[in-house]
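# Fold and contact review
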Amino acid sequence: MNIPERLYKFGTTHFSDVLRRFDKDQHIENNWRATPLSQDYNVRVLWSKWVTQKEAKEAEKWFKESYPKTFMCEVDYNGITECRDWDTKQSYAFFKSLQARFPEKEKNAKTTHKIYYVMLIKKQI
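Residue numbers here run from 1 along each chain, matching the order of that chain's written sequence. pLDDT decides what is reported in this predicted model: residues at 70 or higher carry local features, side-chain atom pairs at 80 or more are listed and counted, and totals for whole chains, interfaces and linings draw on all residues regardless. The side-chain figures draw on all heavy atoms in the structure; neither hydrogens nor water molecules are used.

## A short note on the overall build of the chain
Note the cut-off: Only DSSP runs of H or I reaching four residues or more are called helices, and only runs of E reaching two or more are called strands; each is numbered from the N terminus. We call two residues in contact whenever any of their non-hydrogen atoms come within 4.5 Å of each other. Note that accessible areas follow from Shrake-Rupley with a 1.4 Å probe, and for residues the cover is restricted to the protein chains shown. In this charge count, Lys and Arg are treated as positive and Asp and Glu as negative; neither His nor the chain ends contribute. Where a charge lies is defined by one atom per residue type: Lys uses NZ, Arg uses CZ, Asp uses CG and Glu uses CD.
Of regular secondary structure, the chain possesses three helices and six strands. For the chain, the spread of C-alpha atoms along the three principal axes comes to 45 × 35 × 20 Å. For the chain, restricting intrachain contacts to residue pairs at least 6 apart in sequence, the fraction spanning at least 24 positions comes to 82%. With the model as given, the accessible surface of the chain reaches about 7,700 Å², and the carbon-plus-sulfur share is 48%. Seen as two clouds, the 23 positive and the 17 negative side-chain charges of the chain have centres 4 Å apart.

## Some points on the state of the cysteines
Short version of the rule: Pairs of cysteine sulfur atoms within 2.5 Å are identified as disulfides in what follows. Using a 1.4 Å probe on the protein chains alone, a residue whose accessible area is under 20% of its type maximum counts as buried, one over 50% counts as exposed, and one in between counts as partly exposed.
Within the structure shown, the criterion is met by zero disulfides. Left unpaired, C73 is separated from the closest cysteine sulfur, that of C83, by 8.3 Å. We classify C73 as buried; its relative accessible area is 16%. Of the residues examined, C83 reaches a relative accessible area of 0% and is grouped as buried.

## Brief notes about empty space enclosed by the protein
As a reminder of what qualifies: A pocket here means an open set of points on a 1 Å grid, computed over the protein atoms alone, that has protein on both sides within 12 Å along at least five of seven lines. A cavity is instead a set of points where a 1.4 Å probe fits but cannot get out; residues with an atom within 4 Å of a point line either one. Grid points are joined across faces, edges and corners, and a volume is the space filled by probe spheres set on the points. In this count, Pro and Cys sit with the nonpolar residues alongside Ala, Val, Leu, Ile, Met, Phe, Trp and Tyr, while Asp, Glu, Lys and Arg are called charged and the others, Gly among them, polar.
Applying the stated criterion across every chain yields a total of one cavity of 30 Å³ or more. Considered as a void within the structure, the largest cavity measures approximately 40 Å³ in volume. Across the lining of the largest cavity, the residue classes break down as four nonpolar, three polar and one charged.

## Some points on helix α2 (residues 53-66)
The condition is simple: A helix is expected to span 1.5 Å multiplied by its residue count minus one. The arc in question is formed by the directions pointing from the helix axis toward the C-beta atoms.
Taking 1.5 Å per residue as the helical rise, α2 with its 14 residues ought to reach 20 Å, and the 20 Å between its terminal C-alpha atoms agrees with that figure. Residues A56, A59, W62 and F63 constitute the buried set of α2. Along the long axis of α2, the arc covered by the buried residues comes to 125 degrees, so they all point the same way. Opposite the buried face of α2, at more than 90 degrees from it, the exposed residues are K54, K57, K61 and E65. Along its buried surface, α2 packs onto β1 (6-13), β3 (41-51), β5 (83-84), α3 (88-101) and β6 (113-122).

## Let's talk about the side chain of H113
Selection criterion: A 3.5 Å cut-off defines polar contacts: any pair of N or O atoms within that distance qualifies, except that in protein one atom must be a possible hydrogen donor and the other a possible acceptor, and neighbouring residues in sequence count only when both atoms are side-chain atoms.
Mapped onto the elements, H113 comes out in strand β6. Of the residues examined, H113 reaches a relative accessible area of 18% and is grouped as buried. Of the polar contacts made by the side chain of H113, one reaches the side chain of T112; its length is 2.9 Å. Sequence-distant contacts of H113, that is, excluding residues within four places in its chain, are made with T13, K49, W50, V51, T52, Q53 and A56.

## Thoughts on the environment of R20
Among the secondary structure elements, R20 is positioned in the loop between β1 and α1 (24-29). Those residues within four positions of R20 in sequence are excluded, and the remaining contacts are F15 and Q26.

## Considerations on the sheet that holds β1
Pairing between the strands of a sheet is mediated by backbone hydrogen bonds and can be parallel or antiparallel. Selection criterion: Between any two strands, pairing holds if DSSP finds at least two bridges.
If you trace the four strands from one edge of the open sheet to the other, you get β3-β6-β1-β5, paired in antiparallel fashion. Since the sheet does not close on itself, it has two edges, and those belong to β3 and β5, each with one partner. In the sheet, β1 pairs with β6 via eight bridges, with the strands oriented antiparallel. Looking at β6, one finds that T13 is bridged to K114.

Written out as structure tokens, the structure reads:
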């Protein structure tokens, strides 16, 4: 089966622990479609930040418009639409744009979502 060795994913979640978004049990509990990414990939959180629901929606729109998906994957993973098959240089450039676009601020009562950036490394079987 041909799946990329390394992927990067930007997304949103309501979980305080981003890794919970990728938990197989959570996947089943929420009846999410497709295959969980964590089945074939180890997930490493590179960055996350609390934002408002409105900011989370705007961030997802910005990401999809600014960084279109340019690869196909044989497996229908949950969340694959927001994954990118980038090299290290491309990932670093995106990370810098995240830091500039979403500067640090205190979490407040209205920040109910997290935006996150993770690296997915294919598990060795």
